[in-house]
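Descriptive analysis of the structure
Spelled out, the chains give:
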Amino acid sequence: DSGVTQTPKHLITATGQRVTLRCSPRSGDLSVYWYQQSLDQGLQFLIQYYNGEERAKGNILERFSAQQFPDLHSELNLSSLELGDSALYFCASSVPTSGGAADTQYFGPGTRLTVL
Amino acid sequence: QKEVEQDPGPLSVPEGAIVSLNCTYSNSAFQYFMWYRQYSRKGPELLMYTYSSGNKEDGRFTAQVDKSSKYISLFIRDSQPSDSATYLCAMGPGANSKLTFGKGITLSVRP
């Protein structure tokens, strides 16, 4: 158990709908990362938040948005859903390391989104 | 060309075999290299973390980085059925930076 929690585990919805995925990072971790994993694209970075502020953006669609709240939990909002949005969505958290070393990211169990 | 390329697999080996998993990359800025293991229906878990070129050993696992060739490897000795999982390489340039992942290779270790 990584200490990162994600809800819900599974989500089935229809095209055009909007959903919200939730992530609680490990205690003390300030950074939250969101990833999308599909069979053909692998694990793709979407967006990173650090202590409530957006830090980096990856291949995130305009229909998707995220935020990190004062208690450090994060939500990923997906709207106008399309069939191609069906994927596993992972959240990861990390605490910054010293000396410029890359953060160690700990992943949650993921949310499996199915768009019908 | 993708930033990180990983052998697609799948890979099936008998128990006890030595397994070699490889990734190549194109971004010279990458300084930190990781291997994650992902069991079916679970999130990736960090297996090995290395910085720059060289080898790092942890039990039956050895991570190797060759920055001059932009090539990283993960070796698994005495492979066990419990090693059956998808292995993803990941790399990044430094602190607070996003990681770029390979697509992953699925390993199956036959008893």
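Up top you'll find the structure we're talking about.
What counts and how
- Residues numbered from 1 in each chain as written.
- Chains lettered and ligands numbered in written order.
- Predicted model: local features only at pLDDT ≥ 70, side-chain atom pairs only at ≥ 80, totals over all residues.
- Heavy atoms only, no water.
- 1 Å grid on protein atoms, 1.4 Å probe; cavity = no way out; pocket = protein on both sides within 12 Å on 5 of 7 lines; lining within 4 Å.
- Points joined across faces, edges and corners; volume = space filled by probe spheres on them.
- Helix = DSSP H or I, 4+ residues; strand = E, 2+ residues; numbered from the N terminus.
- Nonpolar A, V, L, I, M, F, W, Y, C, P; charged D, E, K, R; others polar.
- Phe/Tyr/Trp six-rings, centres within 6.5 Å; stacked < 30°, edge-to-face > 60°.
- Buried < 20%, exposed > 50% of the residue type's maximum accessible area, 1.4 Å probe, protein only.
- Contact = heavy atoms within 4.5 Å.
- Polar contact = N/O pair within 3.5 Å; in protein donor to acceptor, adjacent residues only side chain to side chain.
- Core = buried A, V, L, I, M, F, W, Y, C linked by side-chain atoms within 4.5 Å.
- Disulfide = S-S within 2.5 Å.
- Pairing = 2+ DSSP bridges.

**Thoughts on the layout of surface pockets**
Roughly 650 Å³ of volume is contained in the largest pocket. Residue lining of the largest pocket: 30 residues in total, with Gln37(A), Ser38(A), Leu39(A), Gln38(B) and Thr86(B) positioned closest to the centre. Broken down by secondary-structure element, the contributors of at least two residues to the lining of the largest pocket are β4 (31-38), β9 (87-94) and β11 (111-115) of chain A together with β1 (4-6) and β11 (105-110) of chain B. For the lining of the largest pocket, a count of residues per class yields eleven nonpolar, 13 polar and six charged. Of the pockets and cavities examined, the second largest pocket occupies roughly 500 Å³. Residue lining of the second largest pocket: 22 residues in total, with Gly108(A), Pro109(A), Arg41(B), Lys42(B) and Gly43(B) positioned closest to the centre. Considering only residue class, the lining of the second largest pocket consists of eight nonpolar, seven polar and seven charged.

**Comments concerning the packing of aromatic side chains**
Considering all chains together, one arrives at 13 aromatic pairs over all chains under this definition. Ring centres 5.8 Å apart and planes at 65° place the aromatic pair Tyr35(A) and Phe45(A) in the edge-to-face group. Of this pair, Tyr35(A) sits in strand β4 while Phe45(A) sits in strand β5 (residues 42-50); the two residues are ten residues apart in sequence, bridging distant segments of the chain. Given a relative accessible area of 0%, Tyr35(A) falls into the buried group. Of the residues examined, Phe45(A) reaches a relative accessible area of 5% and is grouped as buried. Counting every residue linked through ring pairs, the aromatic cluster contains Tyr33(A), Tyr35(A), Phe45(A), Phe90(A), Phe107(A), Tyr36(B) and Phe101(B).

**Quick look at the interface of chain A and chain B**
By a widely used convention, the size of an interface equals the accessible area lost when the partners come together. With 23 residues of chain A in contact, the opposing surface of chain B contributes 20 residues. Between chain A and chain B we count two residue pairs in polar contact (both at pLDDT 80 or more) in total. Elements with a minimum of two residues in the side of chain A that touches chain B: β4 and β5 of chain A. Looking at the side of chain A that touches chain B, the element that brings in the most residues is β5(A), giving four residues. Partitioned by chemical class, the residues of the side of chain A that touches chain B number eleven nonpolar, eight polar and four charged.

**Overview of the nonpolar core**
Leu21(B), Trp35(B), Ile72(B), Leu74(B), Ile76(B), Tyr87(B) and Met91(B) are the most contacted members of the largest nonpolar core, which totals 25 residues. Broken down by secondary-structure element, the contributors of at least two residues to this core are β3 (19-25), β4 (32-38), β5 (45-51), β7 (61-66), β8 (71-76), β9 (85-92) and β11 of chain B. Counting residues in each nonpolar core, the second largest holds 21 residues, with Val19(A), Leu46(A), Ala66(A) and Tyr89(A) among its members.

**Quick look at the state of the cysteines**
Covalent bonding between the sulfur atoms of two cysteines is what defines a disulfide. All names here are of chain A. Applying the stated criterion to the full structure yields two disulfides over all chains. Bridging Cys23 to Cys91, the disulfide has an S-S length of 1.8 Å. Since a negative S-S torsion denotes a left-handed disulfide, the Cys23-Cys91 link at about -45° is left-handed. Residue Cys23 is located in strand β3 (residues 19-24), and its partner Cys91 is located in strand β9; the two are separated by 68 residues in the primary sequence. Under the relative-accessibility criterion, Cys23 is labelled buried at 0%.

**Regarding the pairing of strand β8 (residues 74-78) of chain A**
Residue and element names in this part refer to chain A. Buried residues dominate β8, accounting for five of its five residues. Covered by surrounding structure in β8 are Ser74, Leu76 and Leu78 together with Glu75 and Asn77, the residues of both alternating faces. As judged from the five bridges shared by β3 and β8, these two strands associate in the antiparallel manner. Following the sheet pairing, Leu21 is matched in β8 by Leu76. In this antiparallel pair of consecutive strands, strand β7 (residues 64-68) and β8, the connection spans five residues, and Leu72 shows a positive phi of 80°.

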